[in-house]
Amino acid sequence: MIHTGSSHILVKPLLDPESRTATATSSSVDCRGFTRALIVFHIGAHDRTTGDETLDVKLQESSDDGSGDAFADVSGGAFAQLAAQVPNATRGSVYLMNVDLSKRERYLRVVGTPAGTTPIDLYSVSILLLNPEQEPP
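Residues numbered from 1 in each chain as written. Predicted model: local features only at pLDDT ≥ 70, side-chain atom pairs only at ≥ 80, totals over all residues. Heavy atoms only, no water.

## Overview of the overall build of the chain
Heads up, the condition is: For helices the rule is a DSSP run of H or I covering at least 4 residues; for strands it is a run of E covering at least 2, with both sets numbered from the N terminus onward. Here the term buried applies to any residue with accessible area under 20% of the maximum for its type, exposed to any over 50%, and partly exposed to those in between, with areas from a 1.4 Å probe on protein chains only. When checking whether two residues touch, look at their non-hydrogen atoms; a contact exists if any pair is within 4.5 Å. For every accessible area listed, the method is Shrake-Rupley and the probe measures 1.4 Å; residues are considered covered only by the protein chains on display. By the counting rule applied here, Lys and Arg register as positive and Asp and Glu as negative, while His and the ends of each chain are not counted. To locate a charge, the coordinates of NZ of Lys, CZ of Arg, CG of Asp or CD of Glu are taken.
Along its length, the chain carries 0 helices and 9 strands. Traced from its N-terminal end to its C-terminal end, the chain shows the element sequence β-β-β-β-β-β-β-β-β. Along the first, second and third principal axes, the C-alpha atoms of the chain reach 50 × 40 × 20 Å. Taken over 137 residues, the chain has a buried fraction of 36%. The contacts of the chain with a sequence gap of at least 6 include a subset with a gap of at least 24, amounting to 83%. Of the roughly 7700 Å² of accessible surface on the chain, a fraction of 52% belongs to carbon and sulfur atoms. Side-chain charges in the chain split into 11 positive and 17 negative, and the spacing between the mean points of these groups amounts to 4 Å.

Set out below in structure tokens:
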């Protein structure tokens, strides 16, 4: 049998690709059973019409999916703010965040916050859960 990485990776969309003008909070992902995660932030378009538009995307965590332990920002868990950057016109731009799940709470989500005069951003965020603690069947 050929070893494939796909049996050791679980991909979950956090924010589907769409155009956003307001804050977007993803659903949460239960990371139990995995040791690492890769957050993939893909932006296709970023409005810079008036020059003051920005987009902040950050990672949040909770031990119980927000039931009693409210989601809180992960220290160091934010992508660099998009301001004057111009995404690649053909394929957009991709930013990655590597996460050590042993240092994180069980549930993760992301929040994207646009600001400025006319913020319009086309983006998506996914999480790849890596290194399962138990081998797949």
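## What to know about empty space enclosed by the protein
This is how it is decided: A 1.4 Å probe that fits into a set of points on a 1 Å grid over the protein atoms alone but cannot get out defines a cavity; an open set with protein on both sides within 12 Å along at least five of seven lines defines a pocket, and lining residues are those with an atom within 4 Å of a point. Grid points are joined across faces, edges and corners, and a volume is the space filled by probe spheres set on the points. Three residue categories are used. Nonpolar comprises Ala, Val, Leu, Ile, Met, Phe, Trp, Tyr, Cys and Pro, charged comprises Asp, Glu, Lys and Arg, and polar comprises the others, including Gly.
Following the criterion strictly, the structure yields 1 cavity of 30 Å³ or more and no others. Roughly 30 Å³ of volume is contained in the largest cavity. Lining the largest cavity, in full, are Ile43, His46, Leu82, Gln85, Val86, Pro87, Ser93 and Tyr95. Elements represented by at least two residues in the lining of the largest cavity include exactly β4 (34–46) and β7 (93–100). Class assignment of the residues belonging to the lining of the largest cavity gives a composition of 5 nonpolar, 3 polar and no charged.

## Observations regarding the pairing of strand β5 (residues 54–62)
Stated precisely, the cut-off is as follows: Here, strands pair whenever DSSP counts at least two bridges between them.
Taken across its 9 residues, β5 has 7 buried, putting it largely inside the fold. Pairing analysis gives 9 bridges linking β5 to strand β8 (residues 107–115), with the strands arranged antiparallel. The partner of Glu61 across the bridge, within β8, is Leu108. Sheet analysis places β5 next to strand β6 (residues 72–78), joined by 3 bridges and oriented antiparallel. Looking at β6, one finds that Gln60 is bridged to Asp73.

## Focus on the packing of aromatic side chains
How two aromatic rings sit relative to each other is set out by the distance from centre to centre and by the angle between their planes. Basically, it comes down to this: Under the pairing criterion, centres of Phe, Tyr and Trp rings, with the six-membered ring standing for Trp, must be within 6.5 Å; the plane angle then separates stacked pairs below 30 degrees from edge-to-face pairs above 60, leaving the rest tilted. For a Lys NZ or an Arg CZ to count as sitting over a ring, it must be within 6 Å of the ring centre and within 35 degrees of the ring normal.
Taken as a whole, this structure holds 3 aromatic pairs when the rule is applied. Through a chain of ring-to-ring contacts, the aromatic side chains of Phe41, Phe79, Tyr95 and Tyr123 assemble into a single cluster. The aromatic ring of Tyr123 is capped on one face by Arg20, whose charged end is 4.7 Å from the ring centroid.

## What to know about unusual backbone geometry
Even without glycine at this site, Asp65 takes up a positive phi of about 65 degrees. You can see Asp65 is positioned in the loop between β5 and β6. One non-glycine residue, Asn131, lies in the positive phi region at around 55 degrees. Its place among the elements puts Asn131 in strand β9 (residues 121–132).

## Points about the sheet that holds β7
Quick reminder of the rule: For helices, the axis comes from a line fit to the C-alpha atoms of the stretch in contact; other axes are also lines fit to C-alpha atoms, and the angle between any two N-to-C directions lies between 0 and 180 degrees.
Ordered in space as β1-β9-β4-β7, the 4 strands form an open sheet in which the pairing is antiparallel. Strand pairing shows two members of the sheet lacking a second neighbour, β1 (9–20) and β7, which therefore form its edges. For this sheet, the mean inter-axis angle between neighbouring strands, taken without regard to orientation, is 15 degrees. Relative to β9, β4 runs antiparallel, the two being bridged by 11 bridges. Paired with His42 across the two strands is Ser124, which belongs to β9.

## Overview of the pattern of salt bridges
Stated precisely, the cut-off is as follows: Every case where a carboxyl oxygen of Asp or Glu lies within 4 Å of a side-chain nitrogen of Lys or Arg is listed as a salt bridge.
Following the criterion strictly, the structure yields 5 salt bridges and no others. The salt bridge involving Asp100 is made with Arg36; its shortest N-O contact spans 3.7 Å. Linking Asp100 in strand β7 with Arg36 in strand β4, this pair joins segments that are 64 residues apart in sequence. Judged by its relative accessible area of 24%, Asp100 is partly exposed.

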